Amino acid sequence: MVQRERRRAWNLTDPEDRRGSRNSRIGIVLVTPAMFKSLDSSGVADKELSALLATDRVIPVTHQTNFEELRDVSPLLAARSGLSTEGSSLEEVAIKIAETIIDI
């Protein structure tokens, strides 16, 4: 049996992870119905989203939701240029993200 090391979750409220996010060229936020529930509970996701929004390097990607619903939850994130999996495959979305990162 192969044992795999379990990595801890990335958390922007952790100073070490914030340092990593400052050095990142882009932050991708996968916007899902589950994310909306997490934000409603005002937990870690809310703090992490606030930390990401403090940068100009955020790409929201909606999945099983849309930007209109996102506007009701996070107008600042919805105002960012982003992508959607509606009408696009995950591969197409990944290619668009890669093209954006290359242009930065």
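It should be noted that the structure appears before, not after, this text.
This is a predicted model, so every value here is computed, not measured. (Residues numbered from 1 in each chain as written. Predicted model: local features only at pLDDT ≥ 70, side-chain atom pairs only at ≥ 80, totals over all residues. Heavy atoms only, no water.)

**Digging into the sheet that holds strand β1 (residues 27-31)**
- Strand order in this open sheet of 3 strands is β1-β2-β3, and the pairing throughout is parallel. Either end of the sheet is taken by a strand with one partner, and the two such strands are β1 and β3 (83-84).
- Note that β1 and strand β2 (residues 58-62) share 5 bridges and pair parallel. From the neighbouring strand, G27 faces β2, where its bridge partner is V58. (Pairing = 2+ DSSP bridges. Helix = DSSP H or I, 4+ residues; strand = E, 2+ residues; numbered from the N terminus.)

**Quick look at helix α6 (residues 90-103)**
- The first and last C-alpha atoms of α6 sit 20 Å apart over 14 residues, in line with the 20 Å expected at 1.5 Å per residue.
- Listed in full, the buried residues belonging to α6 are V93, I97 and I101. Projected onto a plane normal to the axis of α6, the buried residues spread over an arc of 75° and lie on a single side. Of the exposed residues in α6, the ones pointing more than 90 degrees away from its buried face are E91, I102 and D103.
- Where α6 is buried, its residues contact β1, β2 and β3. (Expected span 1.5 Å × (residues − 1). Buried < 20%, exposed > 50% of the residue type's maximum accessible area, 1.4 Å probe, protein only. Arc of directions from axis to C-beta. Contact = heavy atoms within 4.5 Å.)

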